[in-house]
Amino acid sequence: MKLTQLRVNHIETPMGFQINPLSFSWKVEEADGAKYQKSARIMVKKGKDVLFDSKEEESADSLDYPVDLSLSPRTRYQWSVCVTADNQEKAAEESWFETGKMDEPWQGKWITPALDQSVQPILARTFDVHKKPVKARLYLCGLGIYEVYINGKKVGNEFLAPGYHSYDFHLQVQTYDVTDYLERGKNEIRIWLGDGWFKGRLGFDGGYTNLYGDRCYAIGELYMEQDDGTETLLCTDESWKSKASPITFSNIYDGEIYDARLEDEDNWKDVRICEPKGCGVLSDRYSLPIVKKESFQVQEVIRTPKNELVFDFGQNLTGWVEFDCDFPAGTQIKLTASEIMQDGCFYHDNLRTAKTEFTYISNGKKAHVRPHFTFYGFRYMKVECDCTVDQKDFTAYHLRSDFDQTGWIETGNQKVNQLFSNALWSQKDNFLDVPTDCPQRDERLGWTGDAQVFSETACYNMYMPAFYRKYLWDMRAEQSILGGSVPNVVPRLKQGMVAEHGSCPWADAGVIIPWNVFLHYGSRTLLQECYPGMKAWIDCERKKEEALGGPHLIKDGFHFADWLALDNEQPGPFGATDPLYIASAYYYQGAKIISQAAKMLTEGIRQEDPKICEYEKDAKEYGRLAEEILQAIQTTYFDENGCCVCKTQTGSAIAVEFGLMPEKQKEEGERLEERVRRNGSHLNTGFVGTTLLCPALTHTGHHTTAVDLLLNEEFPGWLYCVNLGATTIWERWNSVLPDGKISEEGMNSLNHYSYGSIEAWMYSDVCGIRPSRPGFREAVIEPHPDKRLKYAECTLDTAAGRYTVKWNCQNDGNVTYEVHVPFGAQARMKFPDGKSEKLTAGTYQFVR
C-alpha cells in the first residue's frame, strides 16, 4: 500500500499559490487486500515545529481535508499523512507547500520603461552576490505578459505568465525558486515584457487595445538567504534600466516579429515608477502555469499548386513552432499558421483578421528560435524563407495549463476512438489559462456558455479543480459589479457585445460548473468557496423575474439558448426552441442545485460553525423556489397531457434531463426518439440540446437510437467531421463541406469543444460510470453494451482512485464485463437485465 498524489488545494507541491482556504487530499494505491481507509493522521510542520496534528481520525476525508492554520508569507511548510487501512496495514508519505507574498506589504515598486508605449521592452538590473545563497525566491508580476531571465537563462518552465485573468480585480504574482540561477559575483536579471491580453488587441471584428492598461509594467522582489539566516533583498525600483527588446511587434492574434540583429543593442534608458491604473491588487496566483505538454514533428512537407511550402504537423494544436537555424544576417523566415488547406493550398481566411504569423530575422548566428508572447491554433505552418529549410529542424509544441489526463475511452470502432481524441484535443487546445471558445482566430475568449456545456466532459477527461478554481474566482469577481449576473465572457471585456451578461445558458455556468466540479472531485472546501457566486446568479435571476410579476419564470431578456441549432427555419444562429423555456429550465436547475449544494455543505462543517444555519435555511428556501419554478414551467410549457409544447429535439431533451415532468419522462423520451427518426435519424440540436440529447435517449430506454446518432457518418453528426480528417471538434456541424471546402458561414473555427460534450455520455452511459456520491467515493457502474461498438473500455482516474470498466460483446450473444473499483470506494453495478450487485474495492468479472 502506498500514498500518491498528495495535493494542497488540488495542486502537488504548490509554491506561491493562493492557499486560503487550505485543504489537503491524497490517494491510496497498490492496496492489495485492504479495502478502505480506517483512519488517517495528518500533520503540518514548519521546520521542526508541529503546527497541526489531527491524531488518528476515522473521519479524515482523503478527498478534502480542510485545516485552519495561520500561515506566514514566503514560508515552506511540510505536511504528512499516515493512513491505516481496514486490515491494519499502514502507509505514510510527506510533501510540502510554500506560501507566496500573501498580504505582506511590497517593498518593490511598479516600474515601466521610459520608452514609447508600443515598444515590447526589457527591464534589467545587475547586482552582486558575495556568497551564493542557500535559498533564493523571486516574486514577480509583469504586465501584459513576461519572461524573466537570470544570467541569460530563462527562469522556470512556464510561458505567457501571468496569464489571462480579470486584471481589474487581481494581478497574479508568480513565485520562482531561483537558487540555482544565481552565481557568486556579478549577476544580471532581465524581465522581457509583451502586450499580451493586458494591452494588446483583444476581441473580434478588429477588437480593442489597451483594455486594461496602456503600458507594460513589472514589480518584483528577489530574496536571497545565506546559510547563517541573513537575507538580502533586491527590488524593482528606479535603479533598473530599460530598452526595446528584439521583439519589434507582438500580440495574441497577429503573432510576433523577432529581429535578432537587435539583441546586442545597448541603448539602455531609465525606468519610471508608475503603478497600473484601474487594476486590482497584487495577489498570490490562482492560475496553473502554462507549459509545454507535448511535441510534434512534421508529418508531411507539402509543396502546393501555388508553390507554397507548408508543414503539416498532423494534429490541430495550440502552441507554437520552434526551430534551429543558421542563416546569413538579415535573412527573414516567416511562419503562418492555419487549420486547414483548400484546393491543396494554404488557407487561413476562417481565422478572420488574425494574422497568426511569426517572423524571425537572423543576425547571422546559429540560434534556437521560438515565439515569446503569442500562441497559435494550427495544424499547418506555411514557411517563407529565401534560404533552404529542413523539416527536421522544426518542432511544434503544444501549450496549455499544467493539468493532466484522467480519463481514457477505447472502443472497437476506430472512428469513435478518433472522435474521442478530437474532443480531448479540443479541450487541451482551449484550456490555456481560461476555457476559451477557440485558440486560433481573433477571439480566444472565455465564453461561459461553451465552458458550461462542456464542464462535465472536461472533468471526466482531465484533472480540472485547480484550473476551474481560478476561472470561477474571476467569474465571481466580475459578478460583484454586475449585481450577481454572470458575463457572457470571463474575464469580461469591458467594451462591445462581449461585455454583456445574464444570457442563458451562458450565465448558468456560474452554478453548473462549480457543481460539476464538486460532483467529480468531492471538495466541499472548493464548493464553499464557489457557493456565494452560485447563489448570487440565482438571486439575480429571481430579483429580475419577480420585478415583472407572475409565476417564477424567466420572462424576458436576450438568451443565446440553443445556439447554432439546425432546427430553425429562419436564417441565423438561433435554434427553434423557445429561449424563455430554456432559460426557465436552467433557472429551475440552478435553484435545485443551490438547495442540494447547501445540504452538502451542512454535512461538511462542524455543528458549531455559524454557517450551518445559513446553509440549512438556503436548502429549504431554494428547494421551495425550485418547486415553484417547476410548477410554473409545467403550467406554461406543458399541455394537459404532460407533453412539452416546445416540440423540438432540444425541448424534449431538456424536459427529460432536467426532470421537468418526471411522471411523463418515458413518454417524452418516446416523442424525442420519434423526432429523431422523423429527422432521418439525425440530430438538429445546438449547444444546449447536443449536450443533453444522447443522455435523454438512453435514460428513457432508447440507447440504440443514441448510438445511432453517435455512429452517424452523415451531416449533421459527430463522425461526419472524422471522415473529413478532423483532429479536433468543429464549431459548426458543417464547418467543412463534403468536398473539403470551408463553409461560407461567418464563424468557422475548427477547434471548438462544445459538441465534444458527447464524451460525458460516453463515460457515464456507454461505459457506464458516474458518481453517486461526490468524488466517486461511491459510483454507479451501468454500462450499455452495443454490439456495433464491439467493446468499450474506460479508465477513469477519479478523485477517489482509478476505476476501470470494460465490456465486450461476444459472438455467442453474451457480454463479458470487467470492473475495477479502487481502494476506499464502492459501486453499484447495474446490468441491462435490471439486476445489480454491490461492489467494494477489487477487480470483478461477469458474463451476462
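Being a predicted model, the structure only gives us computed values, none of them experimental. (Residues numbered from 1 in each chain as written. Predicted model: local features only at pLDDT ≥ 70, side-chain atom pairs only at ≥ 80, totals over all residues. Heavy atoms only, no water.)

### Remarks on the overall build of the chain
- When helices and strands are tallied, the chain shows 14 helices and 42 strands.
- Taking 2.2 N^0.38 as the reference for a compact globule, 848 residues should give roughly 29 Å; the C-alpha atoms of the chain span a radius of gyration of 28 Å, in line with that estimate.
- Dimensions of the chain along its principal axes, counting C-alpha atoms only, are 80 × 70 × 60 Å.
- A burial count over the chain gives 62% of its 848 residues as buried.
- A separation threshold of at least 6 residues defines the contact pool for the chain, and within that pool the share at least 24 residues apart is 72%.
- Carbon and sulfur atoms provide 45% of the accessible area of the chain, an area that totals close to 31600 Å².
- Charged side chains in the chain number 93 positive and 123 negative. The centres of these two groups are separated by 3 Å. (Helix = DSSP H or I, 4+ residues; strand = E, 2+ residues; numbered from the N terminus. Rg over C-alpha atoms; globule rule 2.2 N^0.38 Å. Buried < 20%, exposed > 50% of the residue type's maximum accessible area, 1.4 Å probe, protein only. Contact = heavy atoms within 4.5 Å. Areas by Shrake-Rupley, 256 points an atom, 1.4 Å probe, with all protein chains shown as cover. Lys, Arg positive; Asp, Glu negative; His and termini not counted. Charge placed at Lys NZ, Arg CZ, Asp CG, Glu CD.)

### Quick notes on the environment of A561
- Considering the arrangement of structural elements, one finds A561 in the loop between α6 (524-547) and α7 (579-603).
- On the basis of relative accessibility, which here comes to 5%, the residue A561 falls in the buried class.
- When the C-alpha positions of A561 and P505 are compared, they lie 6.0 Å apart, and in sequence the two are 56 residues distant.
- When near neighbours in sequence (up to four residues on either side) are disregarded, A561 contacts C504, P505, W506, P579, I582 and V688.

### Describing the sheet that holds strand β1 (residues 2-8)
- Strand order in the open sheet formed by three strands is β1-β2-β5, and the pairing between neighbours is antiparallel. Edge positions in the sheet fall to β1 and β5 (65-66), since each has one partner strand and no second.
- Pairing between strand β2 (residues 23-29) and β5: two bridges, direction antiparallel. Note on β5: the bridge partner recorded for F24 is Y65. (Pairing = 2+ DSSP bridges.)

### Details of helix α4 (residues 465-479)
- When the terminal C-alpha atoms of α4 are compared, their 20 Å separation across 15 residues agrees well with the 21 Å that a helix rising 1.5 Å per residue should span.
- Of all 15 residues in α4, 14 are buried; the element is thus mostly enclosed. (Expected span 1.5 Å × (residues − 1).)

### So, helix α11 (residues 687-699)
- For α11, the principal kink sits at L693 and spans about 35°; a proline, P695, occurs within the next four residues.
- Of all 13 residues in α11, 12 are buried, a share of seventy percent or more.
- What α11 keeps buried is the set F687, V688, G689, T690, T691, L692, L693, C694, P695, A696, L697 and T698.
- With its phi angle positive at about 90°, G701 sits one or two positions after the end of α11. (Bend = angle between axes of the 7 residues up to and from the residue.)

### What about the sheet that holds strand β39 (residues 815-821)?
- Pairing within the open sheet is antiparallel, and its five strands lie in the order β32-β37-β38-β39-β42. On the outer flanks of this sheet lie β32 (407-411) and β42 (842-847), each paired with one strand and no other. With direction set aside, neighbouring strand axes in the sheet form an average angle of 5°.
- Lying over the sheet, helix α14 (residues 758-766) contacts β32, β37 (791-798) and β38 (801-809), oriented at roughly 75° with respect to β32. (Axes fitted to C-alpha atoms, helices over the stretch in contact; angles between N-to-C directions.)

### Describing the packing of α6 against helix α8 (residues 611-637)
- Packing of α6 against α8 brings their axes to within 13 Å, and their N-to-C directions diverge by 35°. Two packed elements cross with a definite hand, and for α6 against α8 that hand is left-handed. Here Q528, Y531, K535, I538, D539 and R542 of α6 come into contact with α8, specifically with K611, E614, Y615, D618, E621, Y622 and L625.
- Split into classes, the residues belonging to the contact of α6 with α8 amount to five nonpolar, one polar and seven charged. (Left-handed = near helix turned anticlockwise from the far one by under 90°. Nonpolar A, V, L, I, M, F, W, Y, C, P; charged D, E, K, R; others polar.)

### Comments concerning unusual backbone geometry
- With omega at -5°, the peptide bond leading from L143 into G144 counts as cis.
- Relative to the assigned elements, G144 resides in the loop between β10 (135-143) and β11 (145-150).
- The omega angle of the peptide bond from F715 to P716 is -5°, so this bond is cis rather than trans.
- Its place among the elements puts P716 in the loop between α12 (703-711) and α13 (718-723).
- Positive phi values are uncommon outside glycine, yet E30 reaches one of about 50°.

### Description of the side chain of R74
- Checked against the element boundaries, R74 lands in the loop between β5 and β6 (76-85).
- Here R74 falls in the buried class, since its relative accessible area comes to 18%.
- The contacts of R74, once residues within four sequence positions are left out, are T99, G100, K101, E104, K135, Y139, Y223 and E231.

### Remarks on the pairing of strand β16 (residues 231-235)
- The pairing of strand β15 (residues 217-225) with β16 spans five bridges and is antiparallel. By the bridge assignment, E225 is partnered in β16 with E231.

### Side note on the packing of aromatic side chains
- Per the counting criterion, the structure on display carries 55 aromatic pairs.
- Geometrically, the ring pair formed by Y164 and W197 is stacked, given 5.3 Å between the ring centres and 5° between the ring planes. Taken together, the residues Y164 in the loop between β12 (153-154) and β13 (170-177) and W197 in helix α1 (residues 196-199) connect sequence positions 33 residues apart. W197 carries the same exposure label as Y164, and that label is buried.
- With centroids separated by 6.4 Å and ring planes inclined at 10°, the aromatic side chains of Y844 and F846 adopt a geometry described as stacked. (Phe/Tyr/Trp six-rings, centres within 6.5 Å; stacked < 30°, edge-to-face > 60°.)

### Some points on the nonpolar core
- Of all hydrophobic cores here, the largest spans 218 residues; its most connected members are W197, M464, Y468, Y581 and L660.
- If one sorts the elements of this core by residue count, α7 sits on top with 14 residues.
- Once residues lying within four places of it in the same chain are set aside, the contact partners of Y468 are F431, A451, S455, A458, C459, I513 and V517. (Core = buried A, V, L, I, M, F, W, Y, C linked by side-chain atoms within 4.5 Å.)

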